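Structural features, examined
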Amino acid sequence: MTLGKSTRAGVVGLAAAAMAATAFVAPARAASDTPPTGDGHRATQRAMDAAVRAGVPGVTAQARDADGVWKSASGVGDLTSGAPRGKDDKFRVGSITKTFVATVLLQMEAEGRLGLDDTVDHWLPGLVRGNGNDGGGITVRQLLSHTSGLFDYLADEEYAKTYMRGDGYLEHRYDTLTPEKHVRVALSHAPLFDPGAKFSYSNTNYVLAGMILEKAGGRPYEDEVRDRIIRPLGLKNTSNPGNGIHLPRPSGRGYSKLFRPESDRIDDVTEMNGSQGRADGDIISTAGDLNRFYSALLRGRLLPPKQLKAMRTVPATSSKPYGLGLQRFATSCGAEVWGHGGGMVGWLSMAVTSADGRHQLAFNFNGDWETASMSKMVEAEFCPAAR
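Model, not experiment: these values are computed from the prediction.

Here we come to the pairing of strand β11 (residues 347–354). Summarising burial for β11: eight of the eight residues are buried, a large majority. Of the two faces of β11, the one lined by W347, S349, A351 and T353 and the one lined by L348, M350, V352 and S354 are each fully buried. Where strand β10 (residues 336–344) meets β11, eight bridges bridge the pair, whose relative direction is antiparallel. When the bridges of β11 are listed, G343 appears paired with L348. From the end of β10 to the start of β11, which pair antiparallel, there are two residues, and G346 there has a positive phi angle of about 100°. By the bridge criterion, six bridges tie β11 to strand β12 (residues 360–365) in an arrangement that is antiparallel. Bridging across to β12, L348 finds its partner in F365.

Okay, here's the thing in structure tokens:
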């Protein structure tokens, strides 16, 4: 999810993680499920430890490359008990969910069940109206590429005050929210620009994408994600929470500085109603499952070549290297990787892979305020000179 300036005090992770990270690269051979034989991840471990020194309670991470699978953890998973962060912890992945949603919609396009140039009105007639918003002029492709111009509901000050910050979050964290609620919040604002004219990251786009997915599939979005991605790939630690509030074990606690900038107070925000994210950010997973997902995606196991090419195509009008639910990142070594960042209140995550799908890194911070350490983690893993 992404963050606007006016909401920064309490929604730090939700925004920064979705677009934050500027580094990443890849060996050429496939990963296996065996421990790495070398010690090539020392820089990544140092970056994890540095993130903890910078204030992150704990970090869990996994890398997959030609030498095998490396996983590690640093810091604590529970500030009260002091229990360490686990190497196999489950966590809320936030906007990494968007890649799952885009993948399902592109699968449906390949099957002829919908078109990327279908309008929102075609699937959700009359829903996007008011304040200059018009679903008849916005396409599925524009939703997935964040070029619709629709206002991000998370940037609405009243919404952020009620559901993302301070006492509002603590009072309403267990509320069940509907996609229609999020759309209404967004439509209370005028569009930022004409559809297709520019890029602006908006969680509203994927709320609508999820609703279209359900219309095209005739069943809940969670069922489509489960049957098309989670089960075929054997992602046994990945789930959609629905309106559940708990994290499945093993997991650490999630922490947020809800009352910034007034205070450095840290609150345990592990429990929250999953419906407050849904198709724009509700999935729960592990670093290992995220690596499996992105490797399968970039290696063509989930999409035909035409749809994978579309996913990796950045619109000419976009100011960011963002395709359809997938972002390209350049590294200091001159290489590039693909993936997505994500955040929920209490969590920051990143999952990236080389263009050939053969080298991955996924990690999670169980605190939502230290975004600068995310790019350092990626640089440490993917740039040989940093090791």
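We are not done yet, so read on.
Packed helices, taken two at a time, are described by the angle their axes make and the gap between the axes. Close contact between helix α3 (residues 97–110) and helix α11 (residues 287–298) brings their axes to 12 Å; oriented N to C, the two are set at 35°. In this structure, the crossing between α3 and α11 has a hand that is left-handed. Residues T99, F100 and T103 of α3 form the contact with α11, whose own contacting residues are L290, F293, Y294 and L297. Its residues placed into classes, the contact of α3 with α11 shows five nonpolar, two polar and no charged.

Here we come to the sheet that holds β11. Spatial strand order, β2-β1-β12-β11-β10-β9: six strands in an open sheet with antiparallel pairing. Looking at the sheet topology across the chains shown, the edges are occupied by β2 (68–75) and β9 (327–330). On average, each strand axis in the sheet is tilted by 20° relative to the strand beside it, whichever way the strands run. Of the strands in this sheet, β1 (58–65), β2 and β12 are in contact with helix α2 (residues 42–53), which crosses β2 at around 20°. Across the sheet, helix α13 (residues 372–382) is in contact with β1, β10, β11 and β12; its angle to β12 comes to roughly 150°.

What follows deals with α13. Every α-helical turn comprises 3.6 residues, leaving residues that sit three or four positions apart pointing alike. With nine of eleven residues buried, α13 is to be regarded as a mostly interior element. Looking only at α13, the buried set comprises S373, M374, S375, M377, V378, E379, A380, E381 and F382.

For the rest of this paragraph, the subject is empty space enclosed by the protein. By volume, the second largest cavity amounts to about 50 Å³. Lining the second largest cavity are T178, P179, H182, V207, M211, S275, G277, R278, A279 and D280. Looking at the lining of the second largest cavity, the elements that each hand over two or more residues are α8 (179–187) and α9 (203–217).

Once that is clear, we can look at unusual backbone geometry. Residue R249 is joined to P250 through a cis peptide bond whose omega torsion reads 0°. Here P250 lies in the loop between α10 (221–230) and β6 (255–256). The residue H146 is not glycine, and still its phi comes out positive at about 60°. Summarising the element assignment, H146 is placed in the loop between α5 (140–144) and α6 (157–163).

Another point: the packing of aromatic side chains. Counting across every chain of the model gives seven aromatic pairs. Relative to Y322, the ring of Y201 has its centre 6.2 Å away and its plane inclined at 85°; by these criteria the two rings are edge-to-face. On the criterion of sequence distance, the pair formed by Y201 in the loop between α8 and α9 and Y322 in the loop between α12 (305–311) and β9 is long-range, its members being 121 residues apart. Look at F363 and F365: their rings are 5.5 Å apart centre to centre, the planes differ by 35°, and that puts the pair in the tilted class. The buried category is assigned to F363, whose relative accessible area is 0%. The class of F365 is buried, set by a relative accessible area of 0%. Pairwise contacts between aromatic rings join F100, F293 and Y294 into one cluster.

Positionally, S74 belongs in strand β2. Polar side-chain contacts of S74 include one of 2.7 Å to the side chain of D49. Setting aside chain neighbours within four positions, we find S74 in contact with Q45, M48, D49, V52, P57, G58, V59 and R85.

Looking at the chain, the pLDDT average stands at 90 and 89% of residues meet or exceed 70. In this model, residues 1–13 is a region of pLDDT below 50 whose contacts with residues beyond four sequence positions or in other chains number 57 contacts. Long-range and interchain partners of residues 20–38, a stretch whose pLDDT sits below 50, account for 68 contacts in this model, where long-range means more than four residues apart.

Our next topic: the nonpolar core. Residues F100, L144, F293 and L297 are the most contacted members of the largest nonpolar core, which totals 78 residues. In this structure F100 touches V225, I229, L235, I283, L290 and F293, once residues within four positions along its chain are discounted. With 22 residues, the next largest nonpolar core counts M48, A61, W70 and V378 among its residues.

Per the stated rule, a full pass over the model turns up 19 salt bridges. Its salt-bridge partner being D121, residue R129 comes within 2.5 Å of it at the nearest N-O pair. Looking at R129, the relative accessible area reads 40%, which means it is partly exposed. A salt bridge links D227 to R219; the shortest N-O distance between them is 2.8 Å. On the accessibility criterion, D227 (29% relative accessible area) is partly exposed. For R219, a relative accessible area of 28% corresponds to the partly exposed category.

Rules behind the numbers
Residues numbered from 1 in each chain as written. Predicted model: local features only at pLDDT ≥ 70, side-chain atom pairs only at ≥ 80, totals over all residues. Heavy atoms only, no water. Buried < 20%, exposed > 50% of the residue type's maximum accessible area, 1.4 Å probe, protein only. Helix = DSSP H or I, 4+ residues; strand = E, 2+ residues; numbered from the N terminus. Pairing = 2+ DSSP bridges. Axes fitted to C-alpha atoms, helices over the stretch in contact; angles between N-to-C directions. Left-handed = near helix turned anticlockwise from the far one by under 90°. Contact = heavy atoms within 4.5 Å. Nonpolar A, V, L, I, M, F, W, Y, C, P; charged D, E, K, R; others polar. 1 Å grid on protein atoms, 1.4 Å probe; cavity = no way out; pocket = protein on both sides within 12 Å on 5 of 7 lines; lining within 4 Å. Points joined across faces, edges and corners; volume = space filled by probe spheres on them. Phe/Tyr/Trp six-rings, centres within 6.5 Å; stacked < 30°, edge-to-face > 60°. Polar contact = N/O pair within 3.5 Å; in protein donor to acceptor, adjacent residues only side chain to side chain. pLDDT = per-residue confidence, 0-100. Core = buried A, V, L, I, M, F, W, Y, C linked by side-chain atoms within 4.5 Å. Salt bridge = Lys/Arg side-chain N within 4 Å of Asp/Glu carboxyl O.

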